[in-house]
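# Summary of structural features
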Amino acid sequence: MASRTRTYAVVGLALVAAVTAGCSGTGSGSGSSSTTSPAGSSSGGGGGGGGGQNNAAPTESNPPGDIPDNQAFVAYQPSGGSFTGFTVKVPEGWARTGQGSTTVFTDKLNTVKITAVSAAAAPTTGSVTSKVIPQLRSQVPKFAAPKVSEVTRHAGRVVLLTYQGDSGKDPVTGKVVRDAFERYAFYRAGHEVDLTLSGPVNADNVDPWRIVSDSFAWR
């Protein structure tokens, strides 16, 4: 009997050891599983990296060449040149340059060019087609798509020439931009003022250009 009792005890101890070893192996498996979870989190941290993308610099709200909706405009009247009897609103803060009777305002990819000349007669769609277009064709790189019409602005009826052409090379990047031009020819009593507005073809500057062209007034 004692021998059997010892045998049972040994078998019982062996079973306990086996169960303990099994529990121990399961614990190890759970530890392994819990280590994988952070790895998954770390991979989700890659998603956190995606969240980091949300912290990247915001995309420009305006495509290149678009004049901001909050752009302010100020009245400009030339103080010199062959004729000073007019005013026109130009975007505030734009760089200004001048030569003779021509004044140019620029900002990034957009330009407002104002030229005052003496003229014996008012410009017409015919005169712009026969005289101005050939001149521009020889001056503007890849001049194309000219269209001449008469439009009404606050100053009255004016001749509008629209066309496309390449800008000059950027002095830093060397890039060339395809520009769209609007050239308004205002006339009164022997004086012609040509107002040319230009910017990238894909820019949406309809409203700003309307503000500028509608603001022209004789003094």
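The text that follows walks through the structure, step by step, so that each part is easy to find. Quantities reported herein were computed from a predicted structural model and do not represent experimental measurements.

Further remarks concern the packing of aromatic side chains. Inspection of every chain in the model, using the stated rule, returns nine aromatic pairs. Among the aromatic residues, those joined into a cluster by ring pairs are F83, F86, Y184, F186, F216 and W218.

If you look at the biggest cluster of nonpolar residues, it comprises 23 residues, and the most contacted ones within it are F86, V88, V112, I114, Y184, V193 and L195. Of all the elements in the fold, those that place two or more residues in this core are β2 (86–91), β5 (110–118), β7 (156–166), β8 (178–188), β9 (191–200) and α3 (206–215). Sequence-distant contacts of Y184, that is, excluding residues within four places in its chain, are made with V151, R153, V158, V159, L160, V193, D194, L195, L197 and S213. Within the second largest apolar cluster, eleven residues are counted, among which are I133, L136, V140 and F181.

Turning our eyes to something else, we now look at the layout of surface pockets. Here the largest pocket defines a volume of roughly 1200 Å³. Among the secondary structure elements, those contributing two or more residues to the lining of the largest pocket are β4 (102–107), β5, α2 (125–139), β7, β8 and β9. For the lining of the largest pocket, the leading source of residues is α2, giving seven residues.

What follows covers the pairing of β4. By the bridge criterion, five bridges tie strand β3 (residues 95–99) to β4 in an arrangement that is antiparallel. Counterpart to G98 in the pairing with β4 is T103. Hairpin connection from β3 to β4: two residues lie between these consecutive antiparallel strands, with G100 at a positive phi of about 60°. Direction of pairing for β4 relative to β5: antiparallel, over a ladder of six bridges. Of the residues in β5, the one forming a bridge with F105 is V112. The antiparallel pairing of β4 with β5 creates a hairpin that spans two residues between the two strands, and K108 there sits at a positive phi of about 55°.

A word on the pairing of β9. Within β9, nine of the ten residues are buried, leaving the element largely enclosed by the surrounding structure. Relative to β9, β5 runs antiparallel, the two being bridged by eight bridges. Bridged to V112 within β9 is L197. Relative to β9, β8 runs antiparallel, the two being bridged by ten bridges. The partner of Y187 across the bridge, within β9, is E192.

Take the sheet that holds strand β6 (residues 144–153) next. Reading across the sheet, the seven strands line up as β3-β4-β5-β9-β8-β7-β6 and stay open at both edges, with antiparallel pairing between neighbours. On the outer flanks of this sheet lie β3 and β6, each paired with one strand and no other. Strand-to-strand, the axes of this sheet are offset by a mean angle of 20°, without reference to chain direction. On top of the sheet, α2 reaches β6, β7 and β8; it is set at about 140° to β6, its chief contact. Those strands touched by α3 are β5, β6, β8 and β9, and its axis lies near 175° from that of β9.

Glancing now at unusual backbone geometry. Trans peptide bonds make up most of the peptide bonds, and negative phi angles are found at most residues other than glycine. For K108, which is not glycine, the phi torsion reads 55° and is therefore positive. Take K108: it is sitting in the loop between β4 and β5. Assessed through its relative accessible area of 81%, K108 is described here as exposed. Located in the positive-phi region is K142, a residue other than glycine, with phi close to 55°. When its relative accessible area of 63% is taken as the criterion, K142 is described as exposed.

This part is about the environment of A217. Structurally, A217 is set in strand β10 (residues 217–218). Taking the C-alpha atoms as reference points, A217 and G85, separated by 132 residues in sequence, lie 8.8 Å from one another. With near-sequence residues (within four places) excluded, A217 lies in contact with G85, F86 and T87.

Criteria and cut-off values
Residues numbered from 1 in each chain as written. Predicted model: local features only at pLDDT ≥ 70, side-chain atom pairs only at ≥ 80, totals over all residues. Heavy atoms only, no water. Phe/Tyr/Trp six-rings, centres within 6.5 Å; stacked < 30°, edge-to-face > 60°. Core = buried A, V, L, I, M, F, W, Y, C linked by side-chain atoms within 4.5 Å. Buried < 20%, exposed > 50% of the residue type's maximum accessible area, 1.4 Å probe, protein only. Helix = DSSP H or I, 4+ residues; strand = E, 2+ residues; numbered from the N terminus. Contact = heavy atoms within 4.5 Å. 1 Å grid on protein atoms, 1.4 Å probe; cavity = no way out; pocket = protein on both sides within 12 Å on 5 of 7 lines; lining within 4 Å. Points joined across faces, edges and corners; volume = space filled by probe spheres on them. Pairing = 2+ DSSP bridges. Axes fitted to C-alpha atoms, helices over the stretch in contact; angles between N-to-C directions.

The analysis is restricted to geometry; functional conclusions fall outside its scope.
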